[in-house]
Amino acid sequence: QQQVKQSPQSLIVQKGGISIINCAYENTAFDYFPWYQQFPGKGPALLIAIRPDVSEKKEGRFTISFNKSAKQFSLHIMDSQPGDSATYFCAATSTISSGSARQLTFGSGTQLTVLP
Amino acid sequence: NAGVTQTPKFQVLKTGQSMTLQCAQDMNHEYMSWYRQDPGMGLRLIHYSVGAGITDQGEVPNGYNVSRSTTEDFPLRLLSAAPSQTSVYFCASSQRGGYSYNEQFFGPGTRLTVL
């Protein structure tokens with residue numbers, strides 16, 4: 001059972017367009033929401049993250065929008081570039097029941113292709 | 001800093017064989033973890049460790065063993081490989097505690113095929 005649901009599975013955008021990836025969660029114990037970017041043959045790398053007491057966070061062309069009441073959050077990539085072509089994972093963090101560590105739960109990923 | 005390193009990059013096993021995937025980090029991170037990545041499934045946590053000598057199970061631990069004798073190393077052992085363990089395996093590390101946890105640094109991955 002996927003605790004963090006991500007859509008779409010794949011996305012094709014023209015250069016200069018806006019890419020939008022959506023995620024939804026059920027577990028109210030999640031308290032931090034990072035996005036990871038993964039290029040082919042590489043490990044994921046942290047892109048941007050948001051706390052649930054903030055509705056929006058912007059870093060350059062990347063913006064997270066967060067709706068706590070709807071338990072949804074999304075990544076917007078403005079002025080998308082071919083170099084943004086990668087797989088994007090949303091994630092959510094919670095404290096593991098033993099209380100000694102925190103756990104990342106990942107969405108299923110979105111493969112973004114930005115056409116030149 | 002090399003960051004998180006993993007060996008080997010690729011491995012092919014026959015069903016029933018055992019092997020160890022190596023992971024090392026040079027950032028003095030307390031927290032280390034192993035994930036597997038399968039198409040359409042995202043990354044799923046196999047095992048994690050909050051420090052030397054302390055390990056615990058994640059979401060999909062069956063068929064895997066871990067140990068953490070030093071801060072730097074966190075090997076993952078496949079006891080008797082099965083085709084269902086064909087996957088890409090990622091090791092990650094981070095500082096423990098607070099929001100700094102959330103930046104997990106991932107290694108380049110090991111692509112494992114079990115025939």
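Quick note: structure is the one above.
In this text the structure is predicted, and so the values were computed from the model without any measurement.

So what's going on with the overall build of chain B? Residues and values would help.
Of regular secondary structure, chain B possesses zero helices and eleven strands. Secondary structure elements of chain B occur, N-terminal to C-terminal, as β-β-β-β-β-β-β-β-β-β-β. Taken over C-alpha atoms, the radius of gyration comes to 13 Å for chain B, in line with the 13 Å a tight globule of 115 residues would show. C-alpha atoms of chain B, sized along the principal axes, occupy 40 × 30 × 25 Å. A buried classification covers 49% of the 115 residues belonging to chain B. Partitioning the contacts of chain B with sequence separation of at least 6, the portion at a separation of at least 24 is 54%. By element, 51% of the accessible surface of chain B is carried by carbon and sulfur atoms, the whole surface being about 5,100 Å². Here chain B contributes 8 positively and 8 negatively charged side chains, and the mean placements of these two sets differ by 10 Å.

Can you tell me about the environment of Thr95(A), naming the residues and giving the values?
Residue and element names in this part refer to chain A. As for its position among the elements, threonine 95 is in strand 9 (residues 86-95). Sequence spacing of threonine 95 and aspartate 31 is 64 residues, and the spatial spacing of their C-alpha atoms is 8.7 Å. With residues near it in sequence (within four places) discarded, threonine 95 still touches Ala101 and Arg102.

Describe the interface of chain B and chain A, naming the residues involved and giving the relevant values.
At the interface, 21 residues of chain B touch 23 residues of chain A. Approximately 1,800 Å² of surface area, both sides summed, lies buried where chain B meets chain A, with 56% of it carried by carbon and sulfur atoms. Summed over the shared surface of chain B and chain A, the result is zero salt bridges. Applying the counting criterion to the chain B and chain A interface returns two residue pairs in polar contact (both at pLDDT 80 or more). Counting only elements with at least two residues in the side of chain B that touches chain A, the list comes to strand 4 (31-38) and strand 5 (42-51) of chain B. The dominant element in the side of chain B that touches chain A, judged by the number of residues it contributes, is strand 5 of chain B, at five residues. Of the residues belonging to the side of chain B that touches chain A, the class tally is twelve nonpolar, seven polar and two charged.

Would you mind going over the pairing of strand 4 of chain B in detail, with residue names and values included?
Residues and elements named next belong to chain B. Counting buried positions along strand 4 yields eight of eight residues, so the element is predominantly enclosed. The side-chain alternation of strand 4 yields two buried faces, one formed by Tyr31, Ser33, Tyr35 and Gln37 and the other by Met32, Trp34, Arg36 and Asp38. Inspection of the sheet shows strand 4 paired to strand 9 (residues 87-94) by seven bridges, in the antiparallel sense. Across the sheet, tyrosine 31 pairs through a bridge with serine 94, a residue of strand 9. Pairing analysis gives seven bridges linking strand 4 to strand 5, with the strands arranged antiparallel. Bridge assignment links methionine 32 to a residue of strand 5, and that residue is serine 49.

Residue-level account of the nonpolar core, with values.
Counting residues in each nonpolar core, the largest one holds 24 residues, and the members touching the most others are Phe33(A), Trp35(A), Phe73(A), Leu75(A) and Tyr88(A). With near-sequence residues (within four places) excluded, Phe33(A) lies in contact with Tyr25(A), Ile48(A), Ala49(A), Ile50(A), Pro52(A), Ile64(A), Phe66(A), Phe73(A), Ala91(A) and Ala92(A).

Break down the environment of Ile54(B) for me, citing the residues and quoting the values.
Residues and elements named next belong to chain B. In this fold, isoleucine 54 is placed in strand 6 (residues 54-57). A residue is classified by how much of its surface remains accessible, and isoleucine 54, at 45% relative accessible area, is partly exposed. Sequence spacing of isoleucine 54 and leucine 78 is 24 residues, and the spatial spacing of their C-alpha atoms is 19 Å. Ignoring anything within four residues of it in the chain, the contact list for isoleucine 54 reads Tyr48 and Ser49.

Just give me the short version of the pattern of salt bridges, but keep the residues and values in it.
Using the criterion set out here, one finds five salt bridges over all chains in the structure. A salt bridge links Glu59(A) to Lys57(A); its shortest N-O distance comes to 3.6 Å. Judged by relative accessible area, which is 29%, Lys57(A) ranks as partly exposed. Between Asp84(A) and Arg61(A) there is a salt bridge; the shortest N-O distance is 2.8 Å. With Asp84(A) in the loop between strand 8 (72-77) and strand 9 and Arg61(A) in the loop between strand 6 (56-59) and strand 7 (62-67), this residue pair connects regions lying 23 residues apart in the sequence. Of the residues examined, Asp84(A) reaches a relative accessible area of 5% and is grouped as buried. Residues participating in the shared-partner salt-bridge network are Arg36(B), Asp38(B) and Arg44(B).

Give me the lowdown on a nonpolar patch on the surface, citing residues and values where you can.
On the surface, Ile18(A), Ile20(A) and Met78(A) cluster together into a nonpolar patch covering about 240 Å² of accessible area. In this structure, Met78(A) sits in the loop between strand 8 and strand 9.

Basis of the calculations
Residues numbered from 1 in each chain as written. Chains lettered and ligands numbered in written order. Predicted model: local features only at pLDDT ≥ 70, side-chain atom pairs only at ≥ 80, totals over all residues. Heavy atoms only, no water. Helix = DSSP H or I, 4+ residues; strand = E, 2+ residues; numbered from the N terminus. Rg over C-alpha atoms; globule rule 2.2 N^0.38 Å. Buried < 20%, exposed > 50% of the residue type's maximum accessible area, 1.4 Å probe, protein only. Contact = heavy atoms within 4.5 Å. Areas by Shrake-Rupley, 256 points an atom, 1.4 Å probe, with all protein chains shown as cover. Lys, Arg positive; Asp, Glu negative; His and termini not counted. Charge placed at Lys NZ, Arg CZ, Asp CG, Glu CD. Buried area = accessible area lost by both parts, 1.4 Å probe. Salt bridge = Lys/Arg side-chain N within 4 Å of Asp/Glu carboxyl O. Polar contact = N/O pair within 3.5 Å; in protein donor to acceptor, adjacent residues only side chain to side chain. Nonpolar A, V, L, I, M, F, W, Y, C, P; charged D, E, K, R; others polar. Pairing = 2+ DSSP bridges. Core = buried A, V, L, I, M, F, W, Y, C linked by side-chain atoms within 4.5 Å. Patch = residues over 30% accessible without salt bridge, like charges linked within 9 Å, V, L, I, M, F, W, Y side chains within 5 Å.

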